[in-house]
Amino acid sequence: MSFFRVLAHSAREKIVRMLAEEGPLTYKEIMEKTGIAETGKLNYHLERLSGFIEKREGVYVLTDSGWKLYELIKYRDEILAGRPPARERRRRPVLSRIGVVVCMCNGEVSKVISPSRLEEEAAKLEGVVSTMVFQNLCSPVSIERLAGWVRRLFINRLVIAACSPKLHAGVYQQIKAKVKVPVEVVNIVEHCAFVHQPGDKATEKAVAMLKAAVKSTGVEAYMPTKVVAVKKAVAVIGGGVSGILVSLQLAKLGFKVYLIERAPTIGGLLARWSRVGKGDCASCLVSELASSLVLHENVEIMTNTEVVGISGEVGSYEIRLLRKPRYVNIEKCTGCGTCALVCPRERPSEFEFGMTSRKVIQIPYSTAYPYAPFISPEDIELCLSCRKCEETCPANAIDLTMKEKEDKISVGAVVLATGGELYSGPLLEKYGYTLHEDIITSAEFERMLSLDGPTRGEIIKPSSGEKPLSIGILQCMTSKGCSRYCCSVAAKYLRVIREKLPDAIVHIIFDENNIPRDSVIPTEIWDSVIIGRGVRIRTENGRIIVEIGSKRVEVDLLILNLGLDPPSKLRELHYMLEFAVDERGFLDPRSLPYGFFACGAVTGPKSYEELVYESLATASEVALILSRDKLEVEEAKVVVDTELCGGCGLCEAVCPFNAVSRGDTGVYVDPFQCKGCGACLPACPTGALKFHQPSGKILQMVKALSTYDGKPKILAFCCSACGYPAADNAGLRRLKYNPNTFVLEVTCTGRIDSEFILEALKRGFDGVMIFGCRLGSCKYIDGIAKAKSRVEKLRDLLGEAMGGRVRLVEISAIEGERFAREVDSFYRELAGCESGVRGKVGGNPA
Amino acid sequence: MEYGERWAVIQLSGCSGCPSAVFSSPVLQDLVYSMPVAYFPMVTDSQRVLSADIAVVSGAVCKRAEEELLKRVRESCSKLVALGTCAVYGGVVSREVESAKAVPEVVEVDQVIPGCPPPEKLVGEFLIAEVSGGEFRLPSYNVCKECPRAPLRRKPPIRVRYLEPPEELQAKACFLDHETLCLGPVTRGGCGAVCIELGVPCHGCLGPPAKSYTSQLANFLSILDIQLEKSKLMQFVSRYIRVGVL
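Residues numbered from 1 in each chain as written. Chains lettered and ligands numbered in written order. Predicted model: local features only at pLDDT ≥ 70, side-chain atom pairs only at ≥ 80, totals over all residues.

1. Looking at the confidence of the model for chain A
All names here are of chain A.
- Taken as a whole, chain A shows an average pLDDT of 87; of its residues, 94% reach a score of 70 or greater.
- Mean pLDDT values for the elements of chain A range from 72 in strand S27 (residues 580-581) up to 96 in strand S35 (residues 714-719).
- Long-range and interchain partners of residues 836-846, a stretch whose pLDDT sits below 50, account for 19 contacts in this model, where long-range means more than four residues apart. (pLDDT = per-residue confidence, 0-100. Helix = DSSP H or I, 4+ residues; strand = E, 2+ residues; numbered from the N terminus. Contact = placed C-beta atoms within 7 Å.)

2. Observations concerning the nonpolar core
- Counting 194 residues, the largest nonpolar core has A:Ala161, A:Leu210 and B:Val57 as its most contacted members.
- Element by element, the count of residues in this core is highest for helix H10 (residues 202-216) of chain A, at nine residues.
- Of the domains in this structure, domain 1 (7-132) and domain 2 (143-237) of chain B are the two that each give at least three residues to this core.
- Residues in contact with A:Ala161, not counting those within four places in the same chain, are A:Val101, A:Val102, A:Cys103, A:Leu118, A:Val186, A:Ile188, A:Ala206 and A:Leu210.
- Core analysis: the next-biggest nonpolar cluster, separate from the first, contains 106 residues, A:Val246, A:Cys339, A:Phe353 and A:Cys476 among them. (Core = buried A, V, L, I, M, F, W, Y, C linked by C-beta atoms within 7 Å. Buried ≥ 20, exposed ≤ 12 C-beta atoms within 10 Å, placed from the backbone. Domains from an automatic or database assignment.)

3. Section: the sheet that holds strand S6 (residues 183-187) of chain A
All names here are of chain A.
- Read from one edge to the other, the open sheet built from four strands follows the order S4-S3-S5-S6, with strand pairing classed as parallel. Both outer strands of the open sheet, strand S4 (128-134) and S6, are each paired with one neighbouring strand and no more. The sheet shows a mean angle of 15° between the axes of neighbouring strands, direction not considered.
- Here six bridges tie strand S3 (residues 98-103) to S4, and the two strands are oriented parallel to one another. Residue pairing for S4: valine 101 is matched across the bridge by methionine 132.
- Set on the sheet, helix H8 (residues 169-179) makes contact with strand S5 (157-162) and S6; between it and S6 the angle comes to about 150°. (Pairing = 2+ DSSP bridges. Axes fitted to C-alpha atoms, helices over the stretch in contact; angles between N-to-C directions.)

4. Some thoughts on the interface of chain B and chain A
- Facing 34 residues of chain B, the contacting portion of chain A comprises 30 residues.
- The element best represented in the side of chain B that touches chain A is helix H9 (residues 213-223) of chain B, accounting for 10 residues.
- Looking at the side of chain B that touches chain A, its residues break down into 19 nonpolar, 10 polar and five charged. (Nonpolar A, V, L, I, M, F, W, Y, C, P; charged D, E, K, R; others polar.)

5. Regarding the packing of helix H23 (residues 695-705) of chain A against helix H25 (residues 754-762) of chain A
Residues and elements named next belong to chain A.
- In contact at an axis separation of 10 Å, H23 and H25 are set at 20° when each is read in the N-to-C sense. With respect to H25, the element H23 is oriented roughly parallel. Between H23 and H25 lies a crossing of right-handed hand. Where H23 abuts H25, its residues Ser695, Ile698, Leu699 and Val702 lie against Glu755, Phe756, Glu759 and Ala760. (Parallel < 35°, antiparallel > 145°, perpendicular 65-115°, else oblique. Left-handed = near helix turned anticlockwise from the far one by under 90°.)

See the structure below:
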């Protein structure tokens, strides 16, 4: 019987409803509930319902069809109530209306590539509705014209053949904002016109590149977005001078600021310095800044606090904090210092770099904020057996039983201002730091110069307390590269020494064995500069002798000038956030996720003036986000299709950021942890992962590029962090290489599926190259190692001859010359192989 | 009685495991009246292959005569199904016979059902779908989904030292967690992981669920830290499907 015929009578509908909602019912119960008094009538309806209900052990129950009937009733109710139930909307294929734009870069391109040929070939391609040639696409007038053209012709996909989207990101951003359709960029400038000669097959190459881009627009990228309500608060991690400056600025702009500092006091390194560059008193400056910060109602200062986790997305981050115990209640403490007076135990003072001693309970310096004593957690066992301070404290502020506790804050943006760390490596030992009491570090010298320091600002020899007559400053105490810091510090010292000890001779000493290759030594500003190879320090009758080759200088005081290194805790943050570090280990601010900013020495040493300007700039960047109420953000970078997923866990195993986890409901990708490298995609055997650069798109491009006619031809997969910029660099330097080479950008070399390589070889590419970051500086930690291992395994499976056609090169973004050289040498090998001159293709040179 | 489309079950080079899988399928006795058999040497006296509508071909193509037969079958039958790993990928036959080809390498096929032998579940589902006009689709997940063992717990390097599970293996843990190579992750599901249930790691007879076999293997093996002789490894992974072909 049909569903609708059953529902024709309200009594029957009622019976179905009752059985579904109340469970099995007896004949009598049905009679009572429906109000049908006559058995004949009820029997008739029950008869009509046969197939939908059945009698089992004296009660009526719904059959499978009965349940379907009930579903139908519910749907009908929903529709009548004006809430149409969610239905799978049938997706129709989108009609592609592709527009192709070619930019001539003011004639730079047309010297090598024929624009009319490009236009003509593009017009032949399926889906292309119109083409346009610009002399100069980056001018605002051209962008306006382009946007008008897109609107007029209902173009819904745009392919632009122009310059590198990496080097000219700003222009493309403007274009995307104006045209509001997906844009595909073909780099015919740096990857074609700049690197080939007019007589070459450059035009053919450009045509193939354009074809591939047009074809790939058919594969839709998966990129869901969502709207986030912006939290009007910001977390500033690090309470050094740059953290204070940026906090102050943001508080003035009206945002809630959480200043998070690991140490018990704020102020960082500068609070311990004597003067800032131009001569102001550093501790006065810091205390002034700190006090204006404290007074501001929008600021909450959290000392003794560490960041243990970050989750969420731009506009709404949640930061998990660990608040370590101080053992002193700041609210109750009056700062009288009685506790330190009664404390019986002493330690070398960290604040004075060990030059004096301090009590276990201490206020480190007179301008410290918060001005309250603290006990470091490692000493607490000792204190629990003494408790003198607890007994003496007049304010009852000391609580030795304090425990660490977790805390959570919600913010819209985060500023990293963790600062730098002074060098403390093996060079100190090498240059005799432990040899003589009068060999000191620049940090100790700073304290010596400070008016509140151990010598009250007097420059003395620590061994005897006398004034030194000759002072040596040994430069470049740094672990990697020029610190760009100690030269300016030396200049400052020179000024101060001349002021305090006008008769003293100062020698600035450089050891050539130790001078970093990239350093610039401003020799003209100093009177006595000694540069030589192999500086040796030794002592003779209590005097310090500095020997450089045949030169020999005696000094009374030797200062080892420390450079600034990246903070050692940067590594921990590196696991929480994705960012790259530069060759010296400092944070590269460009690599931070949207919503995160870096300020101060965490990105490299800076002068105080630079810090001021940088903090202002950072504050305005943060304000750009926080001043908006809503933001549209990417929902996730990788999404799992549960239908296809078998739950093998290989994606979890390979994820460098621990973003993948498996639970009862299947595999889950944490959208915050995920940095979008795509390393999980090759690992997934079932293709269950969706990504913004789908495999289908890459395969489509490989197929289209393979139509290029030329032998031997090479496909170069380039990672977006190093490989692609290296190819751009070759273009910028106009280095010529063979035109039978195609560059295909991938997010990371770890994302290169063996399938892509096999497809390329199958489709007639003679060689496949992989250009990725150098191991150790890979943006996605170990993408290049994954690619390497994959290529090795592929060689094993394919055998010698075929496996030799795949080559992996580690490269930096600036090595354009090497890019051209590697491509050409591989080309020659393949060509030799082709004509049988050289026999087989060799393996990886690395 | 209404007659359906006529069937032919053809065996090329190989064992007779795949036609047996059809013959022994529990659904066959219910469907036998709806699927008149034109050619099925295991069941009936042979009539003519070419009078069938649906051809189910198992085994690999080794001889010229087989190739010609296959081409004629393709022309006369509206539907051609490659059944079993030999027919789909070359299987164990291609390991022994250098020139052996899989059916899709010779003619176009409408459906493939891999497996050595093809799993009862897939054969049954296919027969029902074919007779009732429904749609049959191979599972696109991997063996891990049906695996009775606990999921993989290790993080790289996932060391692999054995091809056969060591004796002290825990009954419930993943083979890969016990340094034993199992091709389950890169193999299509649908078999119910019967081998694994019996304590034998997956040898990958159903082939890859997506991508090509060689690329799957390269991706998978690159995650593992393999401490096995190369020849033994190659023998293991190329038991059912040839590797190294583009």
